[in-house]
Amino acid sequence: MLRALLLLGVALAVGGQTPHTDQRSGFDFMAPETQALQQDDTANPGMLWVLEGEALWQDPAGPAGVSCAGCHGDAAESMRGVAARYPSFDQPTGRPIDLQGRIDQCRQARQGAEPFAAESQQLLALTTYVAHQSRGMPVEPVTDVRLEPFVAEGRRLFEQRIGQLDLSCAACHDQRWGQKLGGSVIPQAHPTGYPIYRLEWQSVGSLQRRMRNCMVGVRAEPYAWGAPEFTALELYLRSRAAGLPVETPGVRP
Amino acid sequence: MGLARRAVLAAGGAGLLALLLAPSSARARPSLEEAIRGFAGGAEIRPGRVEFDIPPLVENGNAVGVTVAVDSPMTAADHVRRIGLFNEKNPQPEMVVFHLGPRCGRASVATRLRLATSQTIVALAEMSDGTVWSAEADVIVTLAACIEDLS
Amino acid sequence: MTRALINAPKTARRGEVIEIKAMIAHRMETGYRIGPNGQPIPRDIIHRFACTYGGVEVFAAELFPAMSANPFIAFTTVATESGTIEFAWTADDGTVERAAVDITVT
């Protein structure tokens, strides 16, 4: 009986939070031209980063001169489905880790190479390339019980009012999605296209960069790059997006 | 150095000085009208023959997809030489000039442009017979929400 | 590496009009933006794109700062012969980035 209650409690806490029954990717809120741009691999600028990531995958690194391919072989096989279950639990730190973090951890721990800087061209290219291998696959719900407290933390941050404008993520993305902010339609804030080519940046960028933009938007001091708050938020967003397909590289306005 | 050249250099120097001293808002860019006259040389600019596709409203001005197609057989005797795109309110009027020829087979180009704000865009086609044809479109540009603070 | 994406058919019939799409990674810094220190960020763009087919220039474009970053150009050319179609992007500092694709024309 206690065990059943425990399992129920875990399922409710970790099972994820969809904003409502109508779960829609940011793709659905874009103009048809932007949608067409994302869907055309011959025109999607994000594919330039996939191309670079493909080359970097083969680049030897570290004192032993081993490339990603040296251990992982063909990314199309070995990386298929990986992005759909990130952020995931990282044993050494006992915390969640996102895909960029995992790639840098691999570089350091297993290739013996310098990690790429946050938001660097190479890290973005590799992350986009790896995430692209999961394109079309549904984001997996968070079932690892060890991640439970971090999903809860992410949810708390998502619902916390911040900044001079005193707005929470939830205020716009749970309660007012589909309505307009300035000239733009407010999406539900799903992470499924990341790293994205944002038209505003004219470059590919990470989910953290986008969240920093939002924090600046409500006149809050953004968390530092790689801050645990961001990883918790990313994890919560993953749980909240469970079922939606990975779109990397997404294009967003 | 001839007198004429020295005079031109002096005038250029004075002009540059004026430019540096003038506030940026006073630095007028060539008008759309001046820019398309520049492209056309002395030729009359006639509306027609140019099919210009650009969305009437864009959600971000950084990457506006356009296509230009010109009705032309693209033979050695009768083809499009250049297609130019010009704007009304960006910092400068020229956007891109395509150079075509009979080897193209069709006069059809597509690209992505930056539009600083809502404005009129003009597409011009110069034919091998020297005639210049035009099409224009008005575009409304909206801004993304929640952007970077670069300052 | 030259980060360029070319989309062109690998085979074509002689005389067929084929579509080519060329996109290259480049910031296309306009020269009109002000940087964090209050100074304008200098212009740095690709100002010329050229397509050469069998050694003959068949298409070219003059690019200005109004071209989007990671410039994308789609155009057509007549499949005249088997061989190499070459692409060259010239930047303001004079550097030229290149790419090429082969085509078999029957």
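Note that the structure is a prediction, hence the values are computed from the model and not measured. (Residues numbered from 1 in each chain as written. Chains lettered and ligands numbered in written order. Predicted model: local features only at pLDDT ≥ 70, side-chain atom pairs only at ≥ 80, totals over all residues. Heavy atoms only, no water.)

**A word on the overall build of chain A**
Okay, so step 1: Helix and strand counts for chain A come out as 11 helices and 7 strands.
Okay, so step 2: Against the globule reference of 18 Å for 253 residues, chain A gives a C-alpha radius of gyration of 18 Å, in line with a compact fold.
Okay, so step 3: If you line up chain A on its principal axes, its C-alpha atoms span 55 × 50 × 35 Å.
Okay, so step 4: In chain A, 69% of the contacts between residues at least 6 apart in sequence involve partners at least 24 apart.
Okay, so step 5: Of the roughly 11,400 Å² of accessible surface on chain A, a fraction of 54% belongs to carbon and sulfur atoms.
Okay, so step 6: Side-chain charges in chain A split into 23 positive and 27 negative, and the spacing between the mean points of these groups amounts to 6 Å. (Helix = DSSP H or I, 4+ residues; strand = E, 2+ residues; numbered from the N terminus. Rg over C-alpha atoms; globule rule 2.2 N^0.38 Å. Contact = heavy atoms within 4.5 Å. Areas by Shrake-Rupley, 256 points an atom, 1.4 Å probe, with all protein chains shown as cover. Lys, Arg positive; Asp, Glu negative; His and termini not counted. Charge placed at Lys NZ, Arg CZ, Asp CG, Glu CD.)

**Observations regarding the pairing of strand 6 (residues 72-78) of chain C**
Okay, so step 1: Counting buried positions along strand 6 of chain C gives 7 out of 7 residues, so the element sits mostly inside the fold.
Okay, so step 2: Side-chain alternation along strand 6 of chain C places Phe72(C), Ala74(C), Thr76(C) and Val78(C) on one buried face and Ile73(C), Phe75(C) and Thr77(C) on a second face that is also buried.
Okay, so step 3: In terms of strand pairing, strand 7 (residues 107-113) of chain B meets strand 6 of chain C through 2 bridges, oriented antiparallel. Within strand 6 of chain C, the position partnered with Ala110(B) by the bridge is Ala74(C). (Buried < 20%, exposed > 50% of the residue type's maximum accessible area, 1.4 Å probe, protein only. Pairing = 2+ DSSP bridges.)

**Points about the sheet that holds strand 3 (residues 17-24) of chain C**
Okay, so step 1: Reading across from one edge, 2(B)-4(B)-7(B)-6(C)-3(C)-1(C) is the order of the 6 strands in this open sheet, with antiparallel pairing throughout. The sheet terminates laterally at strand 2 (50-53) of chain B together with strand 1 (4-7) of chain C, the two strands that pair on one side only. Neighbouring strand axes in the sheet, compared pairwise and without regard to direction, differ in orientation by 15° on average.
Okay, so step 2: Pairing between strand 2 of chain B and strand 4 (residues 64-70) of chain B: 4 bridges, direction antiparallel. Across the sheet, Glu51(B) pairs through a bridge with Ala69(B), a residue of strand 4 of chain B.
Okay, so step 3: Docked against the sheet, helix 3 (residues 46-57) of chain A engages strand 1 and strand 3 of chain C, running at close to 110° with respect to strand 1 of chain C. (Axes fitted to C-alpha atoms, helices over the stretch in contact; angles between N-to-C directions.)

**With respect to the interface of chain C and chain A**
Interface size is commonly expressed as the accessible area that is lost once the parts come together.
Okay, so step 1: Each partner contributes to the interface: chain C provides 13 residues, whereas chain A provides 15 residues.
Okay, so step 2: Of the roughly 1,200 Å² buried at the junction of chain C and chain A (both faces included), carbon and sulfur atoms supply 62%.
Okay, so step 3: The largest per-residue losses of area from chain C upon contact with chain A belong to Arg3(C), Leu5(C) and Met23(C), which jointly make up 47% of the total buried on that side.
Okay, so step 4: Where chain C packs against chain A, one counts 2 salt bridges.
Okay, so step 5: A salt bridge links Asp40(A) to Lys21(C), with the shortest nitrogen-to-oxygen separation between them at 3.3 Å.
Okay, so step 6: Secondary-structure elements contributing two or more residues to the side of chain C that touches chain A are strand 1 and strand 3 of chain C. (Buried area = accessible area lost by both parts, 1.4 Å probe. Salt bridge = Lys/Arg side-chain N within 4 Å of Asp/Glu carboxyl O.)

**Section: the interface of chain B and chain C**
Okay, so step 1: Listed per partner, the contact involves 26 residues of chain B and 33 residues of chain C.
Okay, so step 2: Area buried by chain B at its contact with chain C is led by Arg103(B), Arg112(B) and Arg114(B), which between them contribute 33% of it.
Okay, so step 3: The interface formed by chain B and chain C holds 21 residue pairs in polar contact (both at pLDDT 80 or more) in total.
Okay, so step 4: Elements that contribute at least two residues to the side of chain B that touches chain C include exactly strand 6 (94-99) and strand 7 of chain B. (Polar contact = N/O pair within 3.5 Å; in protein donor to acceptor, adjacent residues only side chain to side chain.)

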